[in-house]
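# Analysis of the macromolecular model
Letter by letter, the chains look like this.
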Amino acid sequence: MEKPNGTPDSPCLRSLTEPVLNAQLLLAYAAEAGIDLQPETIKAIVRMRHCCETGQIPADLVELETQFVQATKTLAKAVSPVTVISLRASYDKRPDLSLIGRFRALLWRSPPQVSLAILSVRRFRFLAFVVLVFLLFVQIYWVIGSSLTTDVDATLKQKEKDEMQLTLLQKEQQRLNRQEETLFAELPAKSAQKQEQTEAELKRIDSELDKKRDEISTIQARMNTYELAVGLNYEILGAWNNCWKWPAQQAGRLVGDRQNTGADNSEPAEDPYQGLLRAQKTANFALNAMQLYLLPILYGLLGAITYVLRTLAEQIRTLTYTPETDIGFRLRMNLGALAGLVIVWFIKKDGEAQLPFDSLSQYAIAFAAGYSVELLFAAMDRVIGAFSSNTAAQESRKAPASQAQGGGQGNG
């Protein structure tokens, strides 16, 4: 075993180079963090590093290597949850080959050096920005559509109410006119006393007719404004519908549907109310789809990304980030979007939640479900486990009974 002083190319020392570098990195972190270590632990790592740097094989190599392995184990426990992988992910720099890094390289003429932790932060921060902007766009678009359909519904209801009231007033006016004509026809044949009574009745009828005419003129003037309101709402609602119908039309053309599907604005002008009603029905389909599916998914996804950013910031602060956690983060984003959609199923149709926090809106609940995915699926697991345990208990009670019946038949 005795050889001349070992050289740096010695196989035994070359195999220990990587573990020594890792132990040295952990030892430097422990020194910076003020973690107390035994002198024997520090001495074993320093001696092994000195041997690797000088290339000298000590006489007690086996004992030194044993002490080094034990010291590395002790050091890893002392700095846990920080690991070599997490430290390298935070400290080691490499060229930034991402899109933002290439753009910066064009500006500064040199590729920037970044760590894997910084790259992960940039990636999830960009995803959070994209999701937030898309969510704001969809939410604003939904609010505009909801306001439009509400105004249209109020306008159509008021128009229908005024039409019914106008019909009743016109019928009442016709009845009073007929009554007035009858009294005028009977007036010459009556006595003087009854003529006075008839004239008083005619004055009363004239007064009522004046009131009816004023009410009819007021309603007719209001209905004239409906024509302008209906035309304006029809134009705006048609434009709102075209925003989501245009991508559907383009997708239809891509799959072979070459038919020209006209917009709501192509409705005949002579029947604007029917066109407005159809545009409202069409908009309600899109609003319900966004309210029940798209918005809860986006809010759940935003909640999951918020949790990811918060967890990532904590891991970088404590130097516990590892590249493998990105896989868990991406899976959590998928689960967050799914949780935001699933939680809406537990809400009543009228929007009142069947949950302890029923004062919150369904979007706030979807965000909370995406942020705390574990709580939702843990509750579902407990429900499934309760049913499974009941089924297993019933089967276990049936098994002894069937065995007893089989044993009795065998003895017989």
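How each quantity is defined
- Residues numbered from 1 in each chain as written.
- Predicted model: local features only at pLDDT ≥ 70, side-chain atom pairs only at ≥ 80, totals over all residues.
- Heavy atoms only, no water.
- Helix = DSSP H or I, 4+ residues; strand = E, 2+ residues; numbered from the N terminus.
- Buried < 20%, exposed > 50% of the residue type's maximum accessible area, 1.4 Å probe, protein only.
- Contact = heavy atoms within 4.5 Å.
- Areas by Shrake-Rupley, 256 points an atom, 1.4 Å probe, with all protein chains shown as cover.
- Core = buried A, V, L, I, M, F, W, Y, C linked by side-chain atoms within 4.5 Å.
- Patch = residues over 30% accessible without salt bridge, like charges linked within 9 Å, V, L, I, M, F, W, Y side chains within 5 Å.
- Salt bridge = Lys/Arg side-chain N within 4 Å of Asp/Glu carboxyl O.
- Axes fitted to C-alpha atoms, helices over the stretch in contact; angles between N-to-C directions.
- Parallel < 35°, antiparallel > 145°, perpendicular 65-115°, else oblique.
- Left-handed = near helix turned anticlockwise from the far one by under 90°.
- Nonpolar A, V, L, I, M, F, W, Y, C, P; charged D, E, K, R; others polar.
- Phe/Tyr/Trp six-rings, centres within 6.5 Å; stacked < 30°, edge-to-face > 60°.
- Lys NZ or Arg CZ within 6 Å of the ring centre and 35° of its normal.

### Considerations on the overall build of the protein chain
- Looking only at helices and strands, one finds 12 helices and two strands in the protein chain.
- When the helices and strands of the protein chain are read in sequence order from the N terminus, they spell out α-α-α-α-α-β-α-β-α-α-α-α-α-α.
- Put simply, the protein chain has 412 residues, and 33% of those count as buried.
- Long-range pairs, those at least 24 residues apart, make up 76% of the contacts in the protein chain with a sequence separation of at least 6.
- Entry remark: accessible area of the protein chain is about 26200 Å², with carbon and sulfur atoms responsible for 60%.

### Things to note about the environment of Ile85
- For Ile85, the position within the fold is in helix H5 (residues 84-91).
- For Ile85, the contacting residues outside a window of four places in its chain are Tyr321, Thr322, Pro323 and Glu324.

### Digging into the environment of Gly231
- Within the secondary structure, Gly231 is located in helix H8 (residues 192-254).
- Each C-alpha atom of the pair Gly231 and Tyr273 lies 8.6 Å from the other, and the pair is 42 residues apart in sequence.

### Considerations on the nonpolar core
- Judged by nonpolar contacts, the single largest core of 50 residues is most densely connected at Leu237, Trp240, Leu276, Met290, Leu295 and Ile343.
- Put simply, the parts of the chain that give this core at least two residues each are helix H7 (116-186), H8, helix H9 (272-317), helix H10 (325-344) and helix H11 (362-371).
- Among the elements that make up this core, the one with the highest residue count is H9 (15 residues).
- Apart from residues no more than four positions distant in its own chain, Leu276 is found in contact with Val152, Leu156, Val230, Asn233, Tyr234 and Leu237.
- Core analysis: the next-biggest nonpolar cluster, separate from the first, contains 22 residues, Ala23, Ala44, Ile45 and Leu75 among them.

### Considerations on a nonpolar patch on the surface
- A contiguous nonpolar patch, built from Phe126, Leu127, Phe129, Val130 and Val133 and spanning about 450 Å² of accessible area, is present on the exposed surface.
- Relative to the helices and strands, Leu127 resides in helix H7.
- Overall, Leu127 belongs to the partly exposed group, its relative accessible area being 31%.

### Digging into the pattern of salt bridges
- Counted by the stated rule, this structure contains 11 salt bridges.
- Among the ionic pairs, Arg88 bridges to Asp92, the shortest N-O distance being 3.5 Å.
- Between Glu163 and Lys159 there is a salt bridge, with the nearest N and O atoms lying 2.3 Å from each other. In this pair, Glu163 and Lys159 both sit in helix H7, four residues apart, roughly one turn of the helix.
- Given the relative accessible area of 31%, Glu163 is considered partly exposed.

### Observations concerning the packing of H7 against H9
- Relative orientation of the contacting elements H7 and H9 amounts to 155°, with a least axis distance of 7 Å. If you check the angle between H7 and H9, you find them roughly antiparallel. The hand of the H7/H9 crossing is left-handed.
- Of the residues in the contact of H7 with H9, the class split is 31 nonpolar, eight polar and three charged.

### Observations concerning the packing of aromatic side chains
- In this structure the tally under the stated criterion is six aromatic pairs.
- Relative to Tyr371, the ring of Tyr307 lies with its centre 5.5 Å away and its plane at 85°, an arrangement referred to as edge-to-face. Of the two residues, Tyr307 is situated in helix H9 and Tyr371 in helix H11; the sequence distance between them amounts to 64 residues.
- For Tyr307, a relative accessible area of 23% corresponds to the partly exposed category.
- Through a chain of ring-to-ring contacts, the aromatic side chains of Phe137, Tyr141 and Trp240 assemble into a single cluster.
- Between Arg332 and the ring centre of Tyr307, over which it is positioned, the NZ or CZ distance is 3.5 Å.

### Here's the deal with the side chain of Thr322
- Here Thr322 is to be found in the loop between H9 and H10.
- Setting aside chain neighbours within four positions, we find Thr322 in contact with Thr83, Ile85 and Ser86.

### Notes on unusual backbone geometry
- Residue Ser80 is joined to Pro81 through a cis peptide bond whose omega torsion reads 10°.
- Tracing the backbone shows Pro81 in the loop between helix H4 (61-79) and H5.
- Positive phi, normally seen in glycine, also occurs at Leu319, with a value near 60°.
- Note that Leu319 resides in the loop between H9 and H10.

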